[in-house]
Amino acid sequence: MRVVILEDAAAVAQRAAEIICRQVQDNPQSVLGLATGGTPLATYRCLVQRYEADEVDFSQVTSFNLDEYVGLPKDHEQSYSTFMHQNLFGKAGFDLNKCFLPDGTAENFEAACDDYERRIDDSGGIDLQLLGIGTDGHIAFNEPGSSLASRTRIKTLTERTRSDNARFFDSVDQVPKLSITVGIGTILDSDRILLLATGKSKASAVRSFIEGPVSANVPASALQMHPKVTVLLDEDSAGWLVRADYYREVEQVQRELETSPKS
Ligand code: PGA
């Protein structure tokens, strides 16, 4: 796991956008796994700026979002579909026919979940998966206790997640109780994973998933089993890491290796 500690949330967004753009520049037909929430917003702003500056072309990209609330129509102002259209797809030249989100209003959820997994497989699999992390250690909406081998399914949100997300709604009572989310197994199938965390509220979850044991109790800890994970942290979210100095040292060496001219 490559743990990169950056100065602040703006630096995290810049670096994340740089990594995503490089992926798409190297392979314009990349399959991206995308996330919603407060954390990736600044990254999406950077992507929009780079698109407007003609630095990157997303028109051939296929994307799969991690999750969606059950019961919210696609055009609901708090649906993740609306979030993606408002903050990224509609502003950065994505082909909407290639942008997929789980269907929170499906008539048959089991079939919709199987179909979502099949679509990801049919696309050739996810090249780069973007993730945030919940204060309870969740990735996507895989709450503590989720099977580390789970696939796309319905998941009940914890009270903590619902209260964390209440800031986007008028009250916590309006936050849906269920979500449709890709599984941890689905996420682990991605070629590369990029997890972002910013702010003091994430410090405990960040320490647990990087330095604690692999456990269903901290779903993000499953990423320890994946060979290509980059974690971008600001100083606040990295504040509880015991080995922070070591990660900084490793990163310095890594950057030197990447920038030194090859003989
Ligand atoms: P946040 O959510 O970015 O809004 O903090 C992260 C998550 O729940 O994965």
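Structure: see above.
Residues numbered from 1 in each chain as written. Predicted model: local features only at pLDDT ≥ 70, side-chain atom pairs only at ≥ 80, totals over all residues. Heavy atoms only, no water.

1. Some thoughts on the environment of Ala42
Convention followed: Under the scheme used here, helices are H or I runs from DSSP no shorter than 4 residues and strands are E runs no shorter than 2 residues, and both carry numbers assigned from the N terminus.
Assignment of secondary structure puts Ala42 in helix H2 (residues 41-52). Taking the C-alpha atoms as reference points, Ala42 and Ala10, 32 residues apart in sequence, are found 7.1 Å from one another.

2. Quick look at the pairing of strand S6 (residues 128-131)
This is how it is decided: Think of it in three bands: with a 1.4 Å probe and only protein chains considered, a residue is buried below 20% of the maximum accessible area for its type, exposed above 50%, and partly exposed in between. Two strands are counted as paired when DSSP detects at least two bridges linking them.
Where burial is concerned, the two faces of S6 agree: the one with Leu128 and Leu130 and the one with Gln129 and Leu131 are both buried. Looking at chain direction, S6 and strand S9 (residues 192-197) are connected through 4 bridges and run parallel. When the sheet's bridge partners are listed, Leu130 is paired in S9 with Leu194.

3. With respect to the pairing of strand S10 (residues 229-234)
Residues in a regular strand point their side chains to alternate faces of the sheet. Burial analysis of S10 places 6 of its 6 residues in the buried class, which makes it a mostly covered element. Burial of S10 is two-sided: the residues Val229, Val231 and Leu233 facing one way and the residues Thr230, Leu232 and Asp234 facing the other way are all buried. Pairing of strand S1 (residues 2-6) with S10 involves 5 bridges; the strand directions are parallel. Bridging across to S10, Arg2 finds its partner in Thr230. Relative to S10, S9 runs parallel, the two being bridged by 5 bridges. Counted as the bridge partner of Ala197 is Leu233 from S10.

4. Overview of the state of the cysteines
As a reminder, the rule being used: The disulfide definition used here is simple: a pair of cysteine sulfur atoms within 2.5 Å.
Scanning the entire structure with this criterion turns up 0 disulfides. Here Cys21 stays unpaired: no disulfide links it, and the sulfur of Cys46, its closest cysteine neighbor, is 8.8 Å away. As a non-bridged cysteine, Cys99 has Cys21 as the owner of its nearest cysteine sulfur, 15 Å distant. Given the relative accessible area of 11%, Cys99 is considered buried.

5. Some remarks on the nonpolar core
Generally speaking, a soluble globular protein has its nonpolar side chains buried in company with each other. Put simply, the rule is: The set of buried Ala, Val, Leu, Ile, Met, Phe, Trp, Tyr and Cys residues whose side-chain atoms join them within 4.5 Å is what this entry labels a nonpolar core. Only heavy atoms matter for contacts: two residues are in contact if any of them lie within 4.5 Å across the pair.
Ranked by internal contacts, the top residues of the largest apolar core, which has 40 residues, are Leu88, Phe94, Leu194 and Leu232. Breaking this core down by element, the ones donating at least two residues are S1, helix H1 (9-26), strand S2 (31-34), H2, helix H3 (80-89), S6 and S9. When residues in this core are grouped by element, the largest group, 8 residues, is from H1. When near neighbours in sequence (up to four residues on either side) are disregarded, Leu232 contacts Val4, Leu6, Val12, Arg15, Ala16, Ile19, Leu194, Leu195, Leu196 and Ala197. Grouped together as the second largest cluster of nonpolar side chains are 32 residues, Ile5, Ile193, Ala197 and Leu223 included.

6. Remarks on the environment of Tyr116
For Tyr116, the position within the fold is in helix H4 (residues 109-122). With a relative accessible area of 5%, Tyr116 lands in the buried category. Sequence separation between Tyr116 and Ser260 is 144 residues, and the spatial gap between their C-alpha atoms is 42 Å. In contact with Tyr116, other than residues within four places in its own chain, are Phe64, Asn65, Phe100, Leu101, Pro102, Thr152 and Val182.

7. Focus on the site of the ligand
Put simply, the rule reads: Near residues are defined by distance, with any heavy atom within 4 Å of the molecule or strand qualifying the residue. Nitrogen and oxygen atoms within 3.5 Å of one another constitute a polar contact, given that in protein one can donate a hydrogen and the other can accept it, and given that sequence-neighbouring residues count only through two side-chain atoms. All accessible areas in this document rest on Shrake-Rupley with a 1.4 Å probe, and a residue is counted as covered only by the protein chains that are shown. Gly counts as polar in this scheme, as do all residues outside two lists: the nonpolar Ala, Val, Leu, Ile, Met, Phe, Trp, Tyr, Cys and Pro, and the charged Asp, Glu, Lys and Arg.
Taken together, the neighbourhood of the ligand is formed by Gly37, Gly38, Thr39, Gly132, Ile133, Gly134, His138, Arg167 and Lys202. With respect to the ligand, the side chain of His138 contributes an N or O atom lying 2.6 Å from an oxygen atom. Across the complex, the protein chains shield 85% of the 280 Å² of accessible surface that the ligand would expose by itself. Grouping the amino acids of the shell around the ligand by side-chain chemistry returns 1 nonpolar, 6 polar and 2 charged.

8. Thoughts on the sheet that holds S10
Test applied: Here the axes come from fitting lines to C-alpha atoms, over the contacting stretch only for helices, and the angles between their N-to-C directions go from 0 to 180 degrees.
Strand order in the open sheet made by the 7 strands is S1-S10-S9-S6-S2-S3-S5, with parallel pairing throughout. The sheet terminates laterally at S1 and strand S5 (99-100), the two strands that pair on one side only. Across 4 bridges, the pairing between S2 and strand S3 (residues 62-65) is parallel. Counted as the bridge partner of Val31 is Thr62 from S3. Its contacts with the sheet put H4 on S3 and S5, and the angle it makes with S3 is roughly 150°.

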